[in-house]
Amino acid sequence: MLEPLRQGLPPIDPSAVSGSATCTLPPHYEAVGGARQFTRATLGGWGLSERFDDVALVVSELVTNALRHALPADTPREPQEPPVRLHLMRWTSRLVCAVRDPSQASPVASEAADSAESGRGLFLVESFSDCWGWHPSPALTAESAPGAAPRGKVVWALFRLTDPV
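The text that follows walks through the structure, step by step, so that each part is easy to find. (Residues numbered from 1 in each chain as written. Predicted model: local features only at pLDDT ≥ 70, side-chain atom pairs only at ≥ 80, totals over all residues. Heavy atoms only, no water.)

## Details of the pattern of salt bridges
- Tallied over the full model, the rule gives one salt bridge.
- When the shortest N-O distance is used, the salt bridge between Asp101 and Lys153 registers 3.0 Å. Linking Asp101 in strand β3 (residues 94–101) with Lys153 in strand β5 (residues 153–160), this pair joins segments that are 52 residues apart in sequence. Per residue, the accessibility class of Asp101 equals that of Lys153, and both read buried. (Salt bridge = Lys/Arg side-chain N within 4 Å of Asp/Glu carboxyl O. Helix = DSSP H or I, 4+ residues; strand = E, 2+ residues; numbered from the N terminus. Buried < 20%, exposed > 50% of the residue type's maximum accessible area, 1.4 Å probe, protein only.)

## As for the pairing of strand β2 (residues 84–90)
- Burial analysis of β2 places six of its seven residues in the buried class, the great majority of the element.
- When β2 meets β3, the two strands line up antiparallel, connected through six bridges. Its bridge partner being in β3, Leu88 is matched across the sheet by Cys97.
- Linkage of β2 to β3, two consecutive antiparallel strands, is achieved through a turn of three residues. (Pairing = 2+ DSSP bridges.)

## A short note on the nonpolar core
- Counting 31 residues, the largest nonpolar core has Leu25, Val59, Leu62, Val63, Leu86 and Cys97 as its most contacted members.
- Among the elements of the structure, β1 (19–25), α2 (31–45), α3 (52–70), β2, β3 and β5 are those that each provide at least two residues to this core.
- The element contributing the most residues to this core is α3, with nine residues.
- Not counting residues within four places of it along the chain, the set of residues in contact with Leu62 comprises Cys97, Val99, Val125, Val155 and Ala157.
- Counting residues in hydrophobic clusters, the runner-up holds eight residues, among them Val96, Cys131, Val154 and Trp156. (Core = buried A, V, L, I, M, F, W, Y, C linked by side-chain atoms within 4.5 Å. Contact = heavy atoms within 4.5 Å.)

## Comments concerning the packing of α3 against helix α4 (residues 121–128)
- Remark: α3 packs on α4, axes separated minimally by 9 Å, with the N-to-C direction vectors making an angle of 150°. On the basis of the axis angle, α3 is roughly antiparallel to α4. Our pair here, α3 against α4, has a crossing hand that is left-handed. Where α3 approaches α4, its residues Asp54, Leu57, Val58, Glu61, Leu62 and Asn65 are matched on the opposing element by Gly121, Leu122, Leu124, Val125 and Phe128.
- Grouping the amino acids of the contact of α3 with α4 by side-chain chemistry returns seven nonpolar, two polar and two charged. (Axes fitted to C-alpha atoms, helices over the stretch in contact; angles between N-to-C directions. Parallel < 35°, antiparallel > 145°, perpendicular 65-115°, else oblique. Left-handed = near helix turned anticlockwise from the far one by under 90°. Nonpolar A, V, L, I, M, F, W, Y, C, P; charged D, E, K, R; others polar.)

The values reported here are purely geometric and, on their own, carry no functional implication.
Structure below.
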């Protein structure tokens, strides 16, 4: 899942991973609050509570975008269709939050009118994280054969952490 994220960044040593956590989110907007609670608990467990505000804002935007654009309410879904998942991964000097959804449509940052009540999500993600991006996700089912076509996408945001003193 992280290979495209590694491109253009200093090497992320897999042995330096100090934590990862994942939660599955239900396909309704109340899931955004659950994602924030999961983020608060996870960051607290990692001793990163001071980063909660920025990370939670980004998580909220990424999850909202997944629910609004990848799982619109009027789109029929198959019961086995993969849910939205939030992944938090911590290395010594980096934190990544990634949201996986079943849509293959790329996220698009757009200019929102001054009076618009929405449309600024990716601008906020870009403003509060150190970098962000997306890539097609690998097949999401255990039955998938090696080399199976991607299903959906992963939208991620990276936060640089200060090195311990």
